[in-house]
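Reading the structure
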Amino acid sequence: MGHRALLAYRRPDRLYDLRYSHWGGDELELFEYLGPDSPLAHGRIDAELLADAVALDSVLTDYLDPGGYEALYLVSQDFEIQAYRVCWLEWHDGREQGRGALIDVEPGDRDLQVQTWFRATKTALADIVEMGVLSRRAAQSYLEARITEDQNGYFYTYGSETAVPDRTEPLFDAFLGEFESS
């Protein structure tokens, strides 16, 4: 199965080149190995590009499947690294697979806290839905509110053709400050 991570390397033109790591989401271990002298983390990152010259919004909507990836790493040209836990906001019943959230993390306690918090919250909400207390829509709205208020998360929809132009969410770009107004 693995602990899949997507790595997005920032280019001078503010676009990203994408690579894959099969175990990079496990405890965010790539922080330890990734740097200017080891851009592929000593073989922990696949050498083959998944894509090149991709806008960050397209990274999220076209490549970062929240049901398949556990982590997203953004790597600056100077090898500053921002890591995000990818949170899949859907339940395992085959409905709408693509809603996800990103939560900024660092290796260690913060990462473990986010993973534990998210799993516990989502599991409790799934039980509440199963008991018929809340609808799926209400449970997902609650989960998104908790992610916003408790974790300062950023939401996206994988598989959407383009980013929604009239959205109220700010544009996501970790290297321009956390979020940029549209």
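Quick summary incoming for the structure in this document. All values derive from a computational prediction rather than experimental measurement.

What follows concerns the sheet that holds strand 7 (residues 154-157). Through backbone hydrogen bonds, the strands of a sheet pair up, either in parallel or in antiparallel fashion. The strand order across the open sheet formed by seven strands is 3-2-1-4-5-6-7, and the pairing between neighbours is mixed. Because the sheet does not close on itself, it has two edges, and the strands there are strand 3 (51-54) and strand 7. Recorded for the sheet is a direction-independent mean angle of 30° between the axes of neighbouring strands. Across the sheet, helix 2 (residues 56-63) is in contact with strand 1 (5-10), strand 2 (16-21), strand 3, strand 4 (71-75), strand 6 (99-105) and strand 7; its angle to strand 3 comes to roughly 135°.

Reported here for the largest pocket is a volume of approximately 750 Å³. In terms of lining residues, the largest pocket is bounded by 28 residues, among which Glu-70, Val-86, Gln-115, Phe-118 and Arg-119 are the most central. Of all the secondary-structure elements, those providing two or more residues to the lining of the largest pocket are strand 5 (81-88) and helix 3 (109-130). Considering every element that reaches the lining of the largest pocket, the biggest residue donor is helix 3, with nine residues. A breakdown of the residues in the lining of the largest pocket according to their chemical character gives 11 nonpolar, nine polar and eight charged.

Quick notes on the rules
One numbering rule holds for all chains: residues counted from 1, following each sequence as written. For a predicted model such as this one, the threshold for reporting local features is a pLDDT of at least 70, and the threshold for listing and counting side-chain atom pairs is 80 or more; totals across whole chains, interfaces and linings nevertheless cover every residue. With hydrogens and water stripped out, all remaining heavy atoms of the structure feed into the side-chain values. Two strands qualify as a pair provided DSSP detects at least 2 bridges between them. The helix and strand labels rest on DSSP assignments: H or I over at least four residues marks a helix, E over at least two residues marks a strand, and numbering proceeds from the N terminus. Here the axes come from fitting lines to C-alpha atoms, over the contacting stretch only for helices, and the angles between their N-to-C directions go from 0 to 180 degrees. Note on contacts: a residue pair qualifies if any of its non-hydrogen atoms lie within 4.5 Å across the two residues. Method remark: on a 1 Å grid restricted to protein atoms, a set of points is classed as a cavity if a 1.4 Å probe fits but cannot get out and as a pocket if it is open with protein on both sides within 12 Å along at least five of seven lines; lining residues have an atom within 4 Å of a point. Grid points are joined across faces, edges and corners, and a volume is the space filled by probe spheres set on the points. Classification used: nonpolar for Ala, Val, Leu, Ile, Met, Phe, Trp, Tyr, Cys and Pro, charged for Asp, Glu, Lys and Arg, polar for all others including Gly.

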